[in-house]
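Next come the chains, spelled out residue by residue.
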Amino acid sequence: MARGNSVQSLLHGDPLTENDIDFEALTGRLGYAFTRRELAVEALTHRGALDRRPDLKAAFPYGNERLEFLGDRVLSLAMADLLLRRFPGEAEGQLARRHAALVSTRTLDEIVHANGLNDHLIAYRGAPPATPALLADMMEALLGAIFVDAGFAAAAAAVERLWEERLGSHNPAPRPPKMQLQEWAQARGLALPVYRQVGREGFEHEPMFLVEVRVGTVPPVQGRGRTKRDAESEAARLLIEGLGQS
């Protein structure tokens, strides 16, 4: 990563190398320049890196979790407001489906990669590749950091800018994968899909659920998610995709 300005003073004297974060590149990709750069550092710091990075642990003992908590709410409100303005003729159910899809882990991960923000996550040397859930958390933390730095209007403007291509009126309101799978089963006279949790991975504070879905004689498929509901939705989506290819 290219060199950026030193942020040693922001971390109360604890050393953070200039290679950790390139503020110029981050500003260009995010479309926002932080006034308080320590907020950007906090938003980009995954908690899993703290035990191997005492410099960051001293400054941000919870990593980016607090900003992610805030950013999740900021994104939800900003997206709801955007959808009400963009689609004045749609009913609540259609808006709710759009909202769920646009704030999902999958969409957040896509936006992070589409804008090259995945390169900015602060982890430890030799860390495994970041998961979609981890990058989604980072994106929410960045939105939370913008909110703290400049207020809701600035954070909402970042959401509109980053999500613009996915907000077009030509994109129909998506139907939830579980609904699609249920309709597929009913159309064929099959029993409703059955979902079962088969595993739980990750840290206690950052679990990843593994859920299996079965329907008829179709081979079962497993999906992962930060919540059981997300994992069920991902399993249904993967099964639907498999049915389309069979």
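All of the points below concern the structure found in this document. (Residues numbered from 1 in each chain as written. Predicted model: local features only at pLDDT ≥ 70, side-chain atom pairs only at ≥ 80, totals over all residues. Heavy atoms only, no water.)

Moving on: the packing of helix 4 (residues 65–86) against helix 5 (residues 92–102). One can describe the packing of helix 4 onto helix 5 by two numbers: an axis separation of 10 Å at closest approach and a directional angle of 140°. When the interaxial angle is binned, helix 4 and helix 5 end up oblique. The crossing of helix 4 and helix 5 is right-handed. Along the contact surface, helix 4 presents Ser-76, Met-79, Ala-80, Leu-83 and Leu-84, while helix 5 presents Leu-95, Arg-98, His-99 and Leu-102. (Axes fitted to C-alpha atoms, helices over the stretch in contact; angles between N-to-C directions. Helix = DSSP H or I, 4+ residues; strand = E, 2+ residues; numbered from the N terminus. Parallel < 35°, antiparallel > 145°, perpendicular 65-115°, else oblique. Left-handed = near helix turned anticlockwise from the far one by under 90°. Contact = heavy atoms within 4.5 Å.)

To continue, consider the packing of helix 2 (residues 37–44) against helix 7 (residues 132–150). Closest axis-to-axis distance for the helix 2/helix 7 pair is 8 Å, and the angle between their directions is 160°. Viewed along their axes, helix 2 and helix 7 adopt a mutual orientation that is roughly antiparallel. Between helix 2 and helix 7 the crossing geometry is right-handed. Along its contact with helix 2, which presents Leu-39, Ala-43 and Leu-44, the element helix 7 presents Met-138, Ala-141, Leu-142, Ala-145, Val-148 and Asp-149.

Position of Asp-137 among the secondary structure elements: in helix 7. You can call Asp-137 buried: its relative accessible area is 8%. Setting aside anything within four residues of it in sequence, one finds Asp-137 in contact with Glu-68, Glu-206 and Arg-226. (Buried < 20%, exposed > 50% of the residue type's maximum accessible area, 1.4 Å probe, protein only.)

Per the counting criterion, the structure on display carries 18 salt bridges. Measuring nitrogen to oxygen at the nearest pair gives 3.5 Å for the salt bridge that ties Arg-166 to Glu-110. Here Glu-110 lies in helix 6 (residues 105–114) and Arg-166 lies in the loop between helix 8 (152–162) and helix 9 (177–187), a separation of 56 residues in the sequence. The closest approach of N and O atoms between Glu-212 and Arg-214, which form a salt bridge, is 3.0 Å. Residue Glu-212 is classed as buried on the basis of its relative accessible area, which comes to 9%. Connected through shared salt-bridge partners, Arg-106, Glu-110, Arg-166, Glu-234, Arg-237 and Glu-241 make up one network. (Salt bridge = Lys/Arg side-chain N within 4 Å of Asp/Glu carboxyl O.)

Ranked by internal contacts, the top residues of the largest apolar core, which has 49 residues, are Leu-30, Phe-34, Met-139 and Trp-163. Residue assignment for this core shows that the elements contributing at least two residues are helix 1 (23–30), helix 2, helix 3 (54–59), helix 4, helix 5, helix 6, helix 7 and helix 8. Every residue in contact with Trp-163, bar those within four places of it in the chain, is listed here: Leu-75, Met-79, Leu-102, Thr-107, Leu-108, Ile-111, Met-139 and Leu-143. In this structure, Leu-181, Val-213, Val-215 and Ala-236 belong to the second largest nonpolar core, which totals 9 residues. (Core = buried A, V, L, I, M, F, W, Y, C linked by side-chain atoms within 4.5 Å.)

The values are spatial; any link to function lies outside them.
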